[in-house]
Amino acid sequence: MRVAIIGGGIGGLAAAQAVASAAPDAEIVVLEGSDRIGGKLRLGEIGGLTVDVGAEAILARRPEGTALIAAAGLADRLVHPAMMTAGIWTHGAVRPMPPTVMGIPADLDALEATGIVAERPRSVALARPLADMAVADFIGERVGSDIVDRLVEPLLGGVYAGHASELSLDAAAPQIAALGDDLLAGAAKARAAAVDSGPVFAGLVGGIGQLPEAVARASGAEIRTNATVRQLTRTDEGWELVVGPTTAVEVIHADAVIMAAPAPAAARLLADVAPEAAFALAAIDYASMAVLTFAVPRSAFPKAPEGSGFLVPPVDGKSIKAVTYSSNKWEWVGREAGRETIVFRCSIGRAHETELLQRDDAELIDLALSDLGEAVGLTGDPIDACVTRWGGGLPQYTVGHLTRIASIEADIATVPGLEVCGAAYRGVGIPAVIASAQGAAARIISDLDSMKL
Ligand SMILES: Cc1cc2nc3c(=O)[nH]c(=O)nc-3n(C[C@H](O)[C@H](O)[C@H](O)COP(=O)(O)OP(=O)(O)OC[C@H]3O[C@@H](n4cnc5c(N)ncnc54)[C@H](O)[C@@H]3O)c2cc1C
């Protein structure tokens, strides 16, 4: 049997790996539109050092990411970031982030000591309505808008590049919905009950951007780059895919297809074969962003940067939304950069901030350096700086997202030999994407088994 996978991001590659391990005889081809596999996982060079310029960490509390790393033969490079606190840059200073559950304070004394919010918040206990709602509405009614603006927004901005006023409580912040009617009491209780189940995040020495190539190799799949899929048609025998540049298109046949491209491409390709799913996919919006990576002399900082970095609440009107001190966070980056160089990255861009991202690279670099100057006193020129743009970087799980996904899944289930996976559906983090890929692979194999292919 021949399985075609559309999209060579970590979703498509994990699907290839899962099909290969469950059905070793399957012929698998991964069709990637761009000139490189990996999608949002990517390595880049800064000051002679190779680091991640896309995704950089995986949640280690879910098994799928670390298990795929092991299956791809990279277990010996698995590392955890240094246990360090992050900060919030607000009210004129970088302040330590108090313990929270996704921005809901779990210790009000600690919160007060930071000066992040103007007043000690009070809970209004309210039962949650059955219907999904915006994260900001849910939290604002219960603990006030200052908590939304200065704690929840920067955290959601980091994960989704989105806005609390649009993101879905059920899809983007279920851990907050689970805190109960009294959010502050729920967060304090959740913190007290939290057991230390080991490090939360993991990465790879040399960068998580090594994972795509390693997974591709382990899968044994045929990997084709510059192979944009332009058309997908169901035939009596299976599937026909029109692939490649417009000047040299090629037709590929397959018994089954796993669609692992982002929602806009999936919507276009599925318009004829699964129109309801295509319609719902077309409604999923994406936020664009840029990751700016810097190498600077240690002397550029008036004092050594502390902690893993800081987040910036959008309400404060700055250009950057987050800074990660990679040299502090990852021991291998600090070691390879050497004592006299600091490597850090800034991210810029949330949903609808297109004007900001229209600036050229030099302007973005200046904006970021100017913000860093104001926040922590950074001065002088960097040794090296690089801008990586992520147009359509992160899907926005807006209110009603889970209902949209259920309708997509129901429509796809009516089409034998077709599955979808990736960040658009049930989690944008790498382990969630891998889980969605593995689910798609298992269903495709069971479809093919029942069709006796
Ligand atoms: C800047 C940034 C930082 C992030 N940081 C983290 C992090 O630290 N930890 C974490 O867990 N998550 C992080 N994420 C999220 C995570 O990386 C992504 O959600 C995940 O990698 C998406 O994987 P995917 O395979 O679904 O999609 P993608 O990576 O988008 O891959 C889809 C692929 O499909 C290809 N494609 C599109 N159309 C076609 C077509 N017609 N034919 C063929 N190919 C096509 C694309 O070129 C692309 O390569 C980050 C995301 C971004 C943007």
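Just above, that's the structure.
Residues numbered from 1 in each chain as written. Predicted model: local features only at pLDDT ≥ 70, side-chain atom pairs only at ≥ 80, totals over all residues. Heavy atoms only, no water.

Moving on, we get to helix H16 (residues 401–413). In a regular helix each residue adds 1.5 Å, so 13 residues correspond to 18 Å; H16 covers 18 Å between its end C-alpha atoms and thus fits that length. Listed in full, the buried residues belonging to H16 are His401, Arg404, Ile405, Ile408, Asp411 and Ile412. One face of H16 carries all of its buried residues, which in axial projection span an arc of 125 degrees. Set apart from the buried face of H16 by more than 90 degrees, the exposed residues are Thr403 and Ala413. (Helix = DSSP H or I, 4+ residues; strand = E, 2+ residues; numbered from the N terminus. Expected span 1.5 Å × (residues − 1). Buried < 20%, exposed > 50% of the residue type's maximum accessible area, 1.4 Å probe, protein only. Arc of directions from axis to C-beta.)

Where empty space is left in the structure can be found by rolling a water-sized probe over the atoms. Tallied over the entire structure, the rule returns 1 cavity of 30 Å³ or more. Considering only enclosed or pocket space, the largest cavity measures out at about 80 Å³ in volume. Lining of the largest cavity is provided by Val51, Asp52, Glu56, Thr293, Ser326, Trp330, Trp332, Val333, Val343 and Arg345. Considered class by class, the residues forming the lining of the largest cavity number 5 nonpolar, 2 polar and 3 charged. (1 Å grid on protein atoms, 1.4 Å probe; cavity = no way out; pocket = protein on both sides within 12 Å on 5 of 7 lines; lining within 4 Å. Points joined across faces, edges and corners; volume = space filled by probe spheres on them. Nonpolar A, V, L, I, M, F, W, Y, C, P; charged D, E, K, R; others polar.)

Let us look at the pattern of salt bridges. Counted according to the given criterion, the structure contains 19 salt bridges. Salt-bridge contacts for Glu409 lead to Arg426; the nearest nitrogen and oxygen are separated by 2.8 Å. Separated by 17 residues along the polypeptide, Glu409 in helix H16 and Arg426 in the loop between strand E22 (418–420) and helix H17 (430–450) bring together distant segments of the chain. Judged by relative accessible area, Arg426 falls into the partly exposed class, the value being 45%. A network of salt bridges, in which partner residues are shared, links Asp109, Glu112 and Arg120. (Salt bridge = Lys/Arg side-chain N within 4 Å of Asp/Glu carboxyl O.)

Right, let's get into the site of the ligand. Around the ligand, 35 residues are found, and the nearest of them are Glu32, Lys40, Ala57, Val428 and Ile430. The backbone of Ile10 places a nitrogen or oxygen atom 3.3 Å from an oxygen atom of the ligand. Taking Ile430, its main chain carries an N or O atom lying 2.8 Å from an oxygen atom of the ligand. Starting from 1,000 Å² of accessible surface for the ligand in isolation, the protein chains cover 86%. For the shell around the ligand, the secondary structure elements donating two or more residues are helix H1 (10–22), helix H10 (263–270), strand E17 (286–297), strand E21 (384–395) and H17. Shared between two domains, the shell around the ligand takes at least three residues from each, and those domains are domain 1 (2–38 + 207–284 + 397–450) and domain 3 (286–395). (Near = heavy atom within 4 Å. Polar contact = N/O pair within 3.5 Å; in protein donor to acceptor, adjacent residues only side chain to side chain. Areas by Shrake-Rupley, 256 points an atom, 1.4 Å probe, with all protein chains shown as cover. Domains from an automatic or database assignment.)

There is about 280 Å³ of room inside the second largest pocket. Around the second largest pocket, the lining is made up of 17 residues, and of these Val94, Lys303, Pro305, Glu306 and Val376 lie nearest the centre. Looking at the lining of the second largest pocket, the elements with two or more residues in it are strand E7 (86–90), strand E8 (93–96) and strand E18 (309–311). Broken down by element, the lining of the second largest pocket gets its largest block of residues, 3 residues, from E8. Looking at the lining of the second largest pocket, its residues break down into 10 nonpolar, 4 polar and 3 charged.

A few words now on the sheet that holds strand E15 (residues 250–254). If you walk across this open sheet you meet the 3 strands as E13-E14-E15, and the pairing is antiparallel. The open sheet is flanked by strand E13 (229–234) and E15, the only strands paired with a single partner. Taking the axes of each pair of neighbouring strands and ignoring which way they run, one obtains an average angle of 20 degrees across the sheet. Here strand E14 (residues 239–243) runs beside E15; their pairing, made up of 5 bridges, is antiparallel. From the neighbouring strand, Glu240 faces E15, where its bridge partner is His253. (Pairing = 2+ DSSP bridges. Axes fitted to C-alpha atoms, helices over the stretch in contact; angles between N-to-C directions.)

Across the two faces of strand E3 (residues 43–46) the burial differs, with Gly44 and Ile46 buried and Leu43 and Glu45 not buried at all. Bridging between E3 and strand E4 (residues 49–52) involves 4 bridges; their strand directions are antiparallel. If you follow Ile46 over to E4, its bridge partner there is Leu49. Taken together, E3 and the strand that follows it, E4, pair antiparallel across an intervening segment of 2 residues, in which Gly47 is found at a positive phi of about 55 degrees.

Since there are 3.6 residues in each turn of an α-helix, residues three or four apart along the chain are aligned in direction. Burial within H10 is extensive, with 6 of its 8 residues counted as buried. Three or more residues of H10 are buried, namely Ala263, Ala265, Ala266, Ala267, Leu269 and Leu270.

In this section: the environment of Asp285. Turning to its location among the elements, Asp285 is positioned in the loop between helix H11 (275–282) and E17. Between the C-alpha atoms of Asp285 and Leu394, which are 109 residues apart in sequence, the distance is 8.6 Å. When neighbours within four sequence positions are excluded, Asp285 is seen to be in contact with His352, Leu394, Pro395 and Gln396. (Contact = heavy atoms within 4.5 Å.)

Taken together, the 5 strands give an open sheet; going across it, the order is E12-E2-E1-E16-E22, and neighbouring strands pair in parallel fashion. Edge positions in the sheet fall to strand E12 (222–224) and E22, since each has one partner strand and no second. Strand-to-strand, the axes of this sheet are offset by a mean angle of 15 degrees, without reference to chain direction. Of the strand pairs in this sheet, strand E2 (residues 27–31) and E12 are connected by 3 bridges, and their pairing is parallel. Within the sheet, the bridge partner assigned to Val30 lies in E12 and is Ile223. Lying over the sheet, H10 contacts strand E1 (2–6), strand E16 (256–259) and E22, oriented at roughly 145 degrees with respect to E16.

Here we come to the packing of aromatic side chains. Scanning the entire structure with this criterion turns up 6 aromatic pairs. For the ring pair Phe294 and Phe344, a centre distance of 5.0 Å and an interplane angle of 20 degrees mean the geometry is stacked. With Phe294 in strand E17 and Phe344 in strand E20 (residues 341–348), this pair connects stretches of sequence that are 50 residues apart. The burial state of Phe294 is the same as that of Phe344; both residues are buried. The interplanar angle of 85 degrees and the centroid separation of 5.9 Å between the aromatic rings of Phe301 and Tyr325 together place this pair among those described as edge-to-face. Of the two residues, Phe301 sits in the loop between E17 and E18 while Tyr325 sits in the loop between strand E19 (320–324) and helix H12 (326–329), which places them 24 residues apart along the sequence. Taking the relative accessible area as the measure of exposure, Tyr325 reaches 2% and is therefore buried. Ring pairing ties together the aromatic residues Trp89, Phe294, Phe301, Phe310, Tyr325 and Phe344, which thus form one cluster. (Phe/Tyr/Trp six-rings, centres within 6.5 Å; stacked < 30°, edge-to-face > 60°.)

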